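Notes for the structure review
What follows is the residue order along each chain.
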Amino acid sequence: MKSLKHIFEKHLPGMLLLEAEPMARHTTFRIGGPADLLAQPSSEEELLLAMKLAEEQDVPVTVVGNGSNLLVRDGGIRGLVLLLGERFSGVSVEGEEIFAQAGATLAKLSAVAQRAGLAGLEFASGIPGTLGGGVAMNAGAYGGQLSDALVSASVLEDGAVRDFSREDMQMGYRTTRILKRGGIVLSARFRLTPDAPEAIGMRMRELNARRREKQPLELPSAGSTFKRPEGYFAGALIEDAGLKGVQLGGAMVSVKHAGFVVNVGGATARDVLELIVHIRKTVRAKYGVELETEIRVLGED
């Protein structure tokens with residue numbers, strides 16, 4: 001992998017490069033083995049060139065954001081990991097629309113909108129992920145989701161950068177064309193509704209207070225572990241199945257909200273995955289409901 005690092009240093013001298021970088025440092029679960037090479041582009045041009053160089057060297061590429069919906073296996077990730085974070089996080093307001101690059105956090109996006117007196121992203125203020133991952137999975141909370149306000153997204157798909165409308169993105173509950181067909185969200189544009197910044201801020205504070213009260217934000221996790229099954233709530237099924245507080249290694253079903261698997265200290269990806277299997281089997285046996293994981297699992301054992 002040193003040869004790839006040297007190639008990057010030659011062609012992309014300003015890019016931040018880290019070899020054998022523990023992915024536990026880049027996921028909210030605080031779990032994950034090393035990435036062979038982790039790079040942080042600061043522009044679309046750097047991102048595209050990095051992917052081109054990796055392809056020329058026949059090196060696999062994985063793109064991540066804030067790692068808030070991510071579980072990286074204990075063996076880490078082979079090849080190149082492109083982290084779209086703070087260096088790729090521009091946000092701008094244009095009238096009633098707001099534009100943001102993929103690395104902008106949803107908290108930053110909603111804060112910029114609030115200051116500009118634009119409503120519609122209050123629900124996103126407490127979601128810890130980035131715009132890229134959020135748009136790719138149509139992130140949402142408290143009755144809102146990004147598809148409600150999305151106008152268009154710039155996506156790298158099949159080697160070409162394309163602009164997709166909301167309809168093109170095929171956005172449903174925690175799904176989009178990105179999850180179905182692949183691709184990387186580079187940026188997105190949203191249309192919002194004018195409102196008083198004070199009123200918007202009040203709604204954000206109320207939602208975040210509810211989040212702190214209900215969710216185990218004091219412990220590392222990847223957010224909601226399971227999607228909401230049709231006609232049910234995953235957390236309620238898990239709690240009713242008697243699984244609240246069940247622990248395997250350092251992974252535990254949260255005693256605050258059973259829909260979250262949390263890292264209570266030293267959890268491995270294997271701990272989490274084995275606990276997920278146990279939860280799914282128990283709920284299936286008791287209620288006949290198949291729980292589908294919401295978190296993205298990457299890497300190797």
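Residues numbered from 1 in each chain as written. Predicted model: local features only at pLDDT ≥ 70, side-chain atom pairs only at ≥ 80, totals over all residues. Heavy atoms only, no water.

**Quick word on the packing of aromatic side chains**
- Tallied over the entire structure, the rule returns 0 aromatic pairs.
- One residue, Arg 228, lies across the ring of Tyr 173, its end atom 4.6 Å from the ring centre. (Phe/Tyr/Trp six-rings, centres within 6.5 Å; stacked < 30°, edge-to-face > 60°. Lys NZ or Arg CZ within 6 Å of the ring centre and 35° of its normal.)

**Some details on the sheet that holds strand β15 (residues 247–248)**
- Spatial ordering of the open sheet is given by β15-β16-β17, a layout of 3 strands whose pairing is antiparallel. Looking at the sheet topology across the chains shown, the edges are occupied by β15 and β17 (261–263).
- Across 2 bridges, β15 lies against strand β16 (residues 251–253) in antiparallel orientation. Bridging across to β16, Leu 248 finds its partner in Ala 251.
- Here helix α8 (residues 269–287) sits on the sheet and contacts β15, β16 and β17; the angle it forms with β16, its principal contact strand, is near 30°. (Pairing = 2+ DSSP bridges. Helix = DSSP H or I, 4+ residues; strand = E, 2+ residues; numbered from the N terminus. Contact = heavy atoms within 4.5 Å. Axes fitted to C-alpha atoms, helices over the stretch in contact; angles between N-to-C directions.)

**Examining the pattern of salt bridges**
- Taken as a whole and judged by the stated rule, the model has 21 salt bridges.
- In this structure, the salt-bridge partner of Lys 52 is Glu 56, at a minimum N-O distance of 2.6 Å. A residue pair is termed a helical-turn pair when its members lie 3 or 4 positions apart in one helix, as Lys 52 and Glu 56 do in helix α2 (residues 44–56) at 4 residues.
- Assessed through its relative accessible area of 44%, Lys 52 is described here as partly exposed.
- The class for Glu 56 is partly exposed, based on a relative accessible area of 49%.
- For Arg 270, the salt bridge goes to Glu 274, with nearest N and O atoms at 4.0 Å. Of this pair, Arg 270 and Glu 274 both sit in helix α8, 4 residues apart, roughly one helical turn.
- Since its relative accessible area comes to 37%, Glu 274 is described here as partly exposed.
- Sharing partners across several salt bridges, the network here consists of Glu 94, Glu 97, Arg 189 and Arg 191. (Salt bridge = Lys/Arg side-chain N within 4 Å of Asp/Glu carboxyl O. Buried < 20%, exposed > 50% of the residue type's maximum accessible area, 1.4 Å probe, protein only.)

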